[in-house]
4 protein chains.
Amino acid sequence: MTARQGEAVYQGIAVTFSTESKGVYAIATTPFFEDGSIDFHSIDKLTDFYERSGCTGITILGIMGEAPKLEPEESRAIIQRVVSRANVPVIVGVPAPGFAAMRSLARSAMDMGAAGVMIAPTPALRTDDQIVNYFAGAVEAVGDDVPWVLQDYPLTLTVVMSPGVIAKIMANHPSCLMLKHEDWPGLEKVSKLRAMQKAGELRPFSILCGNGGMFLDFEPERGVDGAMTGYGFLDMLTKLVGLFASGRRDEAHDLFDAHLPLIRYEQQLGIGLAVRKHVLKRRGVIALDAQRKPAQMLTPTARAEVDYLLARLAKRDPRASF
Amino acid sequence: MTARQGEAVYQGIAVTFSTESKGVYAIATTPFFEDGSIDFHSIDKLTDFYERSGCTGITILGIMGEAPKLEPEESRAIIQRVVSRANVPVIVGVPAPGFAAMRSLARSAMDMGAAGVMIAPTPALRTDDQIVNYFAGAVEAVGDDVPWVLQDYPLTLTVVMSPGVIAKIMANHPSCLMLKHEDWPGLEKVSKLRAMQKAGELRPFSILCGNGGMFLDFEPERGVDGAMTGYGFLDMLTKLVGLFASGRRDEAHDLFDAHLPLIRYEQQLGIGLAVRKHVLKRRGVIALDAQRKPAQMLTPTARAEVDYLLARLAKRDPRASF
Amino acid sequence: MTARQGEAVYQGIAVTFSTESKGVYAIATTPFFEDGSIDFHSIDKLTDFYERSGCTGITILGIMGEAPKLEPEESRAIIQRVVSRANVPVIVGVPAPGFAAMRSLARSAMDMGAAGVMIAPTPALRTDDQIVNYFAGAVEAVGDDVPWVLQDYPLTLTVVMSPGVIAKIMANHPSCLMLKHEDWPGLEKVSKLRAMQKAGELRPFSILCGNGGMFLDFEPERGVDGAMTGYGFLDMLTKLVGLFASGRRDEAHDLFDAHLPLIRYEQQLGIGLAVRKHVLKRRGVIALDAQRKPAQMLTPTARAEVDYLLARLAKRDPRASF
Amino acid sequence: MTARQGEAVYQGIAVTFSTESKGVYAIATTPFFEDGSIDFHSIDKLTDFYERSGCTGITILGIMGEAPKLEPEESRAIIQRVVSRANVPVIVGVPAPGFAAMRSLARSAMDMGAAGVMIAPTPALRTDDQIVNYFAGAVEAVGDDVPWVLQDYPLTLTVVMSPGVIAKIMANHPSCLMLKHEDWPGLEKVSKLRAMQKAGELRPFSILCGNGGMFLDFEPERGVDGAMTGYGFLDMLTKLVGLFASGRRDEAHDLFDAHLPLIRYEQQLGIGLAVRKHVLKRRGVIALDAQRKPAQMLTPTARAEVDYLLARLAKRDPRASF
């Protein structure tokens, strides 16, 4: 099954990639062996773990997937592996330095059965017009039949998109189905976009939030449909989104607050990925926490700090008991 | 008393600004009336509140003190007011666009009885040499008899200082007594600096952390002497630093975790100051949460979110019951 | 006479600061003595030199006027000195770190008889909305009765304004009379703005170009009204603008090409001001080439290079024979 | 012949890529057909033109070679084509987003017979340590047996390398044979590096300058060995370098000054490549001035301006008569 081919259901959850997408899309890490080669067995285990955690989609080859450290043929092998195993839609990051490589990666991802691609602005963009034109070029390159996610991540990409710019991009490109929102601060931006939609000034699209879930205790009430992130306890995130969906606000906050110390610790640029891989390894999902170079690894002190946070978390959430 | 004149004690705490400084230095907000004029009565109440909260120092006219929105004579009036009332050392931010204005503000601050000044790098600096030379110029301008705090805040100032650069600045300028550390991530940087000191490669200096306290549950164990921030519950921060000092780690984390949702909410660039003023107003410390233009205020939704976090906090910390 | 009070004529040239302004506005340097104090006698000589060179306006306290190195009272003294001596409109740069200081400097400049102020965007601005809102705040601060020049200088200020953004600012603020255009590349931007005006989408305003005159051999034909720069041979620039006005294209290029090696040499960020002051000193206009700290001075090799270029220039333009 | 295999001579000029390299390395453009496919016949003609112009090396797949718009297999085809035809050393730009792709491109370039690669810093680097570490990682990736050129280009790459940092990189990596210097301003940096070498603090390496040749009238006397740029009149550049080598300073300046208006016009970020391709097309070297998307093309007005400059140039340099 590929999610592009209309309605799809996996374990009772609608898992089509569309403007109605809800829930949690896992930002997949890429497991490596110590020598830097790809650990495909752990990729399979990760894929299963994401689905078992209730994820409604998987995003591979994003920034946290160490995509720039991969060669093109490796990227293709990973896409093939995940797409052939997953029951939920797979989105492929195409952060190519130019449109030719972006097109080529996007087309082969779709050919292999991906549900869509994720496109981020190139860091040099400044004016609203430059941003809008960039996405016009990108969509022309990959083809306007390829469904895609717009990534809005100013902290890392240095490109700031106002609600008006997002509205223009959405108006220009019906093939954009989802916004990955990780502006910071971003709560008012979500409110503004949803208000524009309510006022009929903006067509519908799905909004999933990033930033490691740092504001996921308020984002659902602001109008987001869920999260797209790779925090080690994706099962908690899906639970959290469900609690909000059923109006259990206080319970949701209790759950969130228990995880916030760890979520916050992971939100350290550079070593965040090391924290994430360490947690996934400790949960038994991936075999090793190895990264390709250039890598920032945890010092023994940092590892002990994460373990201490995990121990504290275990008292409030059994998911952390292992 | 001015803290420059040697050992000073306030309510049993050593409060001299020195390379041995410990505890919490409050980053002071500047209270305004709705028409933009300065609310000096609230400044007095704030000064008293900071001391009552156990702060060992007060830093005024920083970024969060809306310093760039003040005219020079207003800055001087505020320095005068706080210095004449405070029993703890007062540090004055001198974020001047050029060395002439920096010198002039620093000299008059010292004349009025400030304990020292805080100097931040100008955003255009890139290479290590440029940074080191900038501080040489700044110290030449303000005079090498003026004690100062080095502010390391890459997220906002875009200047990245390696441990080696900080070491050079410290070696060049004995008048620098303290590092305000708010790099992010920054835990390893603290460890590195303290290791350099232990190895005798770096002279002693005090390190207080910023970033609104976001990592203050681990920073003391990494070697910091306390915090320099303006989070609304400074009394909690001083308590926290005290718990760590007496080795009560779990208790410290319990206290910190209760506050983290609010600390995190405040850590939103742009509206952070609005959150802070709102909390200080609700605690009855300042009369109004007004800001000078350009200001980012809380929307009704955001205000309700903060109030919800305060209500949740009140269940775990009576400081939030009001 | 102040140029604000309607039509004004100096030596037969209309010198009112208006949307019709033409010719060359000198970007004034600020002469200092070796000890860093201001050389007011050289300021007078500079003022006279600018007028003798045919300048139709003088802009003081810009980036190249070392404005950030001045204290507020010094800025005011310089404004007073130039305004009281000049027969042409004087524009005052108000590059203040906040709106309070900007307002205060702008109001006192106008009270002293300045024709208007020049406002540049603060470097942190990114989106079109942020830029437009910034100027709304600035105009509210200085007052909408103060005529002003919009400075568009991305290379140094890192803020990129599209033609659409400039159009919005011009539409919002009738008190903006002139664009100082120094985008690079910028020829097409000028053509675009003039086309928008021709199509009736944009109200009229004057455009003077900066970048040290680096493209002044083509800018007039693109539609600019002249230059605002501080190149040492302002008499050549006024001549050049005049040649274009009378359709003598080849002659204009011959003149320009003779100066281009020196114009280009001056266009080195950091040492450009040193080149400019050296040339003005050699021409006998200012007494010394001293700068306030932090300053980048010419090395002996660089000074010899400039002198070699001046010697070569003297063979083609007698203005350089001294 | 590949230039790696020791001393090589082409038409009487030593053309080995080494720390002694002199002369002009052409920055090659990549010719395309209107449909975006690669024009290999024009590549051959370009290669011949570069050699006929007296170039002592050719650098392909740089920023001005539209490298980011190429797919990996296309890059390899171009390397193959140029290497198999050229008699002078061929340097290959490897501006890969990650070390894996950089390694792969570098290794296959060397296998095909390239003389070396050119490595630029990734734009995110800030501190001296970060820069030094990046190149350590890059050299580890490509292998320390691969000769390379260090590209120092702050204006586009936003990474500023002090002379001290360059010295450290050179000390760490004997495989770095050449600095492509295009800092701006940069004359003093060259003098500083050469002085460090003279003082024995820095090992020898070749320095070729970029920036389109904008300061090539002074750089040879500062100590550079030549230029690495793609200005349409490479035959003029090789002549210029020769005039300096034989001490004919005034003559060199006369020649340079004749070209400066066009050199300067080409130095417009974004449209510079369009100017360059237009000139090469008018000189009959490449068939078309087509670029791959995203491309900035010349407007009719801009094209007319370039043609006017060419017509003026023809009066002083017969190379421009066509």
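Calculation criteria
Residues numbered from 1 in each chain as written. Chains lettered and ligands numbered in written order. Predicted model: local features only at pLDDT ≥ 70, side-chain atom pairs only at ≥ 80, totals over all residues. Heavy atoms only, no water. UniProt positions renumbered as here; feature names shortened; annotations may be inferred. Contact = heavy atoms within 4.5 Å. Buried area = accessible area lost by both parts, 1.4 Å probe. Salt bridge = Lys/Arg side-chain N within 4 Å of Asp/Glu carboxyl O. Polar contact = N/O pair within 3.5 Å; in protein donor to acceptor, adjacent residues only side chain to side chain. Helix = DSSP H or I, 4+ residues; strand = E, 2+ residues; numbered from the N terminus. Nonpolar A, V, L, I, M, F, W, Y, C, P; charged D, E, K, R; others polar. Least-squares fit on C-alpha atoms with pLDDT ≥ 70 in both. Axes fitted to C-alpha atoms, helices over the stretch in contact; angles between N-to-C directions. Parallel < 35°, antiparallel > 145°, perpendicular 65-115°, else oblique. Left-handed = near helix turned anticlockwise from the far one by under 90°. Pairing = 2+ DSSP bridges.

As annotated in an unreviewed UniProt entry, chain A is Dihydrodipicolinate synthase family protein from Neorhizobium lilium. Under the Sequence similarities (unreviewed entry) heading, UniProt states for chain A: "Belongs to the DapA family."

J.: Could you give me a rundown of the interface of chain B and chain A, with the residues and numbers involved?
T.: Across the contact, 32 residues belong to chain B and 32 residues belong to chain A. Taken as a group, R264, Y308 and R312 of chain B account for 21% of the area that chain B buries against chain A, more than any other trio of residues on that side. Scanning the region where chain B abuts chain A turns up 8 salt bridges. Put simply, R264 of chain A and D217 of chain B hold a salt bridge, and the shortest N to O gap is 2.9 Å. Counting across the chain B and chain A interface gives 16 residue pairs in polar contact (both at pLDDT 80 or more). Secondary structure elements with two or more residues in the side of chain B that touches chain A: α7 (187–198), α10 (249–266) and α12 (300–316) of chain B. Element by element, the count of residues in the side of chain B that touches chain A is highest for α10 of chain B, at 10 residues. Here the residues of the side of chain B that touches chain A are counted per class, giving 15 nonpolar, 6 polar and 11 charged.

J.: If you had to explain the relation of the copies chain B and chain A to someone new, which residues and values would you point to?
T.: Superposing chain B onto chain A requires a rotation of 180° together with a translation of 0.0 Å along the rotation axis, leaving an RMSD of 0.0 Å. Taken together, the rotation and translation describe the operation of a two-fold axis. The fraction of interface residues of chain B whose copies in chain A are also interface residues reaches 100%, indicating that both copies meet through the same surface.

J.: Run through the interface of chain D and chain A, naming residues and quoting values.
T.: Reports of interface size often rely on the accessible area that becomes lost once the parts have come together. In this assembly, 15 residues from chain D lie in contact with 15 residues from chain A. When chain D packs against chain A, close to 1100 Å² is buried across both sides, 60% of that on carbon and sulfur atoms. Considering only the side of chain D, the residues that lose the most area to chain A are P68, E71 and A100 of chain D, jointly responsible for 33% of the buried surface there. For the pair chain D and chain A, the interface holds 2 salt bridges. Its salt-bridge partner being K293 of chain D, residue E140 of chain A comes within 2.6 Å of it at the nearest N-O pair.

J.: I'd love a proper account of the packing of helix α1 (residues 40–52) of chain B against helix α2 (residues 72–85) of chain B, names of residues and values included.
T.: Residue and element names in this part refer to chain B. Relative to each other, α1 and α2 sit at 40°, their axes nearing to 10 Å. In terms of orientation, α1 and α2 fall into the oblique class. Read as a crossing pair, α1 and α2 show a hand that is right-handed. Note on element contacts: α2 touches α1 through A77, I78, R81, V82 and R85, opposite F40, H41, I43, D44, T47 and D48. Looking at the contact of α1 with α2 residue by residue, the class counts come to 5 nonpolar, 2 polar and 4 charged.

J.: Tell me about the sheet that holds strand β5 (residues 90–93) of chain A, residues and numbers included.
T.: Residues and elements named next belong to chain A. Read around the closed barrel, 8 strands run β3-β4-β5-β6-β7-β8-β9-β10, paired in parallel fashion. In this sheet, adjacent strand axes meet at a mean angle of 25° when their direction is disregarded. Here strand β4 (residues 57–60) pairs with β5 via 3 bridges, running parallel. Bridge pairing in β5 places I58 opposite V90. Strand contacts of helix α9 (residues 234–245): β3 (23–27) and β10 (226–229), with the helix running at about 160° to β3, the strand carrying the most contacts.

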